[in-house]
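Single-letter residue listing:
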Amino acid sequence: AGTYEKWRPDASDFDSADLGDDLADWPGEKWVDTNSNSVRKIMQARLDLAVTKGCDGVDPDNIDAYDNKNGLKLTKNDAISYVNWLAGQAHSRNLSMGLKNGGAIIPSVLDNMQWSVNEQCAQYTECDTYAAFTEAGKPVFHIEYPKGDTTNNNQAVTTAQKSSACNAASAGNFSTVIKNMDLDNWVEYC
């Protein structure tokens, strides 16, 4: 939702003026101006597609340009506005919406989210940030990507990080803690 990817079927719909800096480590992907009416129309079409496909909810990725070198001067307030706008658009289509990462904007968007997906909070020591969801009775789905030949970050998950994530899960701070996103072979992490 916050980036252009050159391989998407709607890539040619993006105006070049709405494209920012490349995402580090993700060739062919650029930040987009989430304040642009053109970008928002593209996202409305994507939400319509989700409805057509029978989806129950959406998980907008890359909404955290404020926390990255984006080349568009996008701020935390821009992200808050955009995520709340996306939620309104999703809800008007009877879709639930989750917040993916974006921990710094949780207090400003929590009321419009039904759940959260977090990646790597144990690695980045930020699991407590997502407790606001469970305190509001909303689930957090937490994913750690361990080091290995088939993972994308090549970072080891230490025993201490795994313990931290599992303790958060057992305390009720996360609904699910899973090891990887290979949906054919996912395994319980804790």
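Keep in mind that what you see is a predicted model, and the values were worked out from it rather than measured. (Residues numbered from 1 in each chain as written. Predicted model: local features only at pLDDT ≥ 70, side-chain atom pairs only at ≥ 80, totals over all residues. Heavy atoms only, no water.)

(A) Structural view of the overall build of the chain. Counting its regular elements, the chain contains five helices and eight strands. Starting at the N terminus and ending at the C terminus, the chain contains elements arranged as β-β-β-α-β-α-β-α-β-α-β-α-β. Element-wise, carbon and sulfur atoms account for 46% of the exposed surface of the chain, whose accessible area totals about 10200 Å². (Helix = DSSP H or I, 4+ residues; strand = E, 2+ residues; numbered from the N terminus. Areas by Shrake-Rupley, 256 points an atom, 1.4 Å probe, with all protein chains shown as cover.)

(B) Up close: the pairing of strand β5 (residues 96–100). Most of β5 sits inside the fold, with four of its five residues counted as buried. For strand β4 (residues 57–58) and β5, the ladder comprises two bridges, and the chain directions are parallel. Paired with G57 across the two strands is S96, which belongs to β5. A crossover links β4 with its parallel partner β5, the connecting element being helix α2 (residues 76–92), and its sense is right-handed. As paired strands, β5 and strand β6 (residues 115–119) are joined by three bridges and run parallel to one another. (Buried < 20%, exposed > 50% of the residue type's maximum accessible area, 1.4 Å probe, protein only. Pairing = 2+ DSSP bridges. Right-handed = clockwise from strand over helix to strand, strands pointing away.)

(C) Structural view of the nonpolar core. M43, V83, M97, L99, I105 and M113 are the most contacted members of the largest nonpolar core, which has 32 residues in total. Per element, the largest residue contribution to this core is eight residues, and it comes from α2. Those residues in contact with L99 that lie beyond four places of it in its chain are I63, V83, I105, I106, V109, M113, W115, S116, V117 and F133. (Core = buried A, V, L, I, M, F, W, Y, C linked by side-chain atoms within 4.5 Å. Contact = heavy atoms within 4.5 Å.)

(D) Layout of the packing of helix α1 (residues 37–52) against α2. α2 packs onto α1 with a crossing angle of 35° between their chain directions and a minimal axis gap of 10 Å. Viewed along their axes, α1 and α2 form a crossing whose handedness is right-handed. On α2, the residues touching V39, R40, M43, Q44 and L47 of α1 are S81, Y82, W85, L86, Q89 and A90. The residue makeup of the contact of α1 with α2, split by class, is seven nonpolar, three polar and one charged. (Axes fitted to C-alpha atoms, helices over the stretch in contact; angles between N-to-C directions. Left-handed = near helix turned anticlockwise from the far one by under 90°. Nonpolar A, V, L, I, M, F, W, Y, C, P; charged D, E, K, R; others polar.)

(E) Quick look at the sheet that holds strand β1 (residues 3–5). Here three strands make up an open sheet; going across it, the order is β1-β3-β2 and the pairing antiparallel. Bordering the open sheet on either side are β1 and β2 (19–22), each of which pairs with just one other strand. In this sheet, neighbouring strand axes are inclined to one another by 40° on average, regardless of whether the strands run parallel or antiparallel. In this sheet, strand β3 (residues 29–32) lies alongside β1 in antiparallel orientation, the contact comprising three bridges. Across the sheet, E5 pairs through a bridge with E29, a residue of β3.

(F) How the structure looks around the side chain of N62. With respect to the helices and strands, N62 occurs in the loop between β4 and α2. Side-chain polar atoms of N62 contact the side chain of E29, separated by 2.9 Å. For N62, the residues in contact, after removing those within four places along its chain, are G2, T3, L23, E29 and W31. (Polar contact = N/O pair within 3.5 Å; in protein donor to acceptor, adjacent residues only side chain to side chain.)

(G) Highlighting the packing of aromatic side chains. As enumerated under the stated definition, the model contains two aromatic pairs in all. Between Y4 and F14, the aromatic rings sit 5.6 Å apart at their centres with planes inclined by 85°, giving edge-to-face as the arrangement. Of this pair, Y4 sits in strand β1 while F14 sits in the loop between β1 and β2, placing them ten residues apart in sequence. The same class applies to Y4 and to F14, which are both buried. Here the basic side chain of R40 rests over the ring of W85, its NZ or CZ set 4.9 Å away from the ring centre. (Phe/Tyr/Trp six-rings, centres within 6.5 Å; stacked < 30°, edge-to-face > 60°. Lys NZ or Arg CZ within 6 Å of the ring centre and 35° of its normal.)

Note that every value here comes from positions in space, so none of it alone points to a role or purpose.
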